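Residue strings, one per chain:
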Amino acid sequence: MNSYARKSLRRTLLASLALMILIGCSSKSDNGAMKGDNGGDGTSKPIIGFVQTGSEGDWRKAHTESVREAAEEAGFELRFADGQAKQENQIKALSSFVAQGVDGIILAPLVETGWDNVLEKAKKRNIPVLILDRQVEVKDDSLYVTYIGADTYNEGRLAAEWLIEKTGGKAKVVELQGTPGASPTINRYNGFRDVIADHSGIEIIASQSGDFRRSKGKEVMEAFLKKHGDDIEVVYAHNDDMAIGAIQAIEDAGKKPGDDIILVSIDGVRAAFEAMVEGKLNCTVECNPLQGPMAFDAMKKILAGDIGDMPKKQMIKDRVYDRDSAKEVIDSRKY
Ligand code: AHR
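This structure is a prediction, so every number in the text was calculated from the model and none was measured. Here, residues in each chain are numbered from 1, in the same order as that chain's written sequence. Selection of residues for local features in this predicted model requires a pLDDT of at least 70, selection of side-chain atom pairs for listing and counting requires 80 or more, and totals for whole chains, interfaces and linings are taken over all residues. Hydrogen atoms and water are omitted, and side-chain values are computed over all heavy atoms in the structure.

This part covers the pairing of strand β4 (residues 129-132). Any residue under 20% of the maximum accessible area for its type is buried, any over 50% is exposed, and the rest in between are partly exposed; the area is computed with a 1.4 Å probe on protein chains only. Elements are defined by DSSP. Helices are runs of H or I of four residues or more, strands are runs of E of two residues or more, and each kind is numbered from the N terminus. Neither face of β4 is open: one carries Val129 and Ile131, the other Leu130 and Leu132, and all of them are buried. In this scheme, strands are said to pair when DSSP sees at least two bridges between them. When strand β3 (residues 104-107) meets β4, the two strands line up parallel, connected through three bridges. Following the sheet pairing, leucine 107 is matched in β4 by isoleucine 131. Here is how to tell: hold the view so the strands point away, follow the path from the first strand over the helix to the second, and if it runs clockwise the crossover is right-handed. For the segment spanning β3, helix α4 (residues 116-124) and β4, crossover handedness is right-handed. Across three bridges, the pairing between β4 and strand β5 (residues 146-150) is parallel. By the bridge assignment, isoleucine 131 is partnered in β5 with tyrosine 147.

Below is the structure:
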């Protein structure tokens, strides 16, 4: 029996004892739950602390919603902490969830590194941590149980492969990177470059962070247009929100996005499908934010101690959409 299962059993015993005392005293508490008996007595729900990165765009909204809905569906109580795009806020929230003695923690880490100490605290208290959406780089990978999210390195590769096919392997590209230090930024940067390495005709002439935000994407694209003007043939944006910001900048500069400048991005949010149908965005590589159900299926198993065959990485499969396929599927999109 692993430590999480032991914790669960201890809780059940404690809860039974608490119940006997309650019956014996013929009195009721507010919610029947004492700290530490979350979910053990069949009346209170297991408590999960969810530490989100922030609310930088449409993808993130869909992600938060998916986690909230899945928690409710699975019968968990969700305590939500918004990191507001600061790692220090996320670390504080994690420490606070540990101090509260929640049953489990789901962390969507803003950046990849700097988590060892706080994850140590959770481990010491036997609180399992599931890493969602973005990855962490830690010295000891027993500090978390599993990672669930997209293969963001492959997304970068898929974007590059689509571009090579579209341009015949010849284009001048500007790149809008995501948040510095975030795993999708690192992976989408590397995946793209690893593919174009064999195609010397694809040249990245400028690359800068737009922080995964629409407004920042627009701002950086305006600067790119000022500096590189007509040289720019392609925008590779690490997410759709920045691509949509770039579309606005291109239009403001009197050019036709999708025709004068090709745009390829990542995520597959509704606004990107609309832009593709309008002809302003050429391609998006899907990164599915509806990760809540997978996270709570895994969390149920973790709390039951059933993690024997649970993989360390559980990757969600992504698809590539272009202007033609967008028209066919736009009505069935869920986010
Ligand atoms: O971590 C996933 C990325 O974060 C999404 O591509 C992006 O839109 C979000 O900000």
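Moving on from the model shown.
This part is about the packing of helix α5 (residues 152-167) against helix α6 (residues 183-196). The convention used is that axes are lines fitted to C-alpha atoms, helices contributing only their stretch in contact, and that angles between N-to-C directions extend from 0 to 180 degrees. For the pair α5 and α6, interaxial distance at closest approach is 7 Å and the crossing angle is 40°. It follows that α5 is oblique to α6 by the angle criterion. Here α5 and α6 pass one another in a crossing that is right-handed. From α5, Thr152, Tyr153, Glu155, Gly156, Arg157, Ala159, Ala160, Glu161, Leu163 and Ile164 reach across to α6, where they touch Ser183, Pro184, Asn187, Arg188, Asn190, Gly191, Phe192, Asp194, Val195 and Ile196. These descriptions rest on fixed angle ranges, namely under 35 degrees for roughly parallel, over 145 for roughly antiparallel, 65 to 115 for roughly perpendicular, and the rest for oblique. The hand of a helix crossing depends on one turn: near helix anticlockwise from the far one by less than a right angle means left-handed, and clockwise means right-handed. In this analysis, two residues are considered to be in contact whenever any of their non-hydrogen atoms come within 4.5 Å of each other.

By definition here, a helix of n residues has an expected span of 1.5 Å times n minus one. With 14 residues, helix α3 (residues 87-100) extends 20 Å from end C-alpha to end C-alpha; this agrees with the ideal 20 Å at 1.5 Å per step. Residues of α3 that are buried in the fold lie against β1 (47-52), β2 (77-82), β3 and α4. Once α3 finishes, glycine 101 follows within two positions and takes phi at roughly 70°, a positive value.

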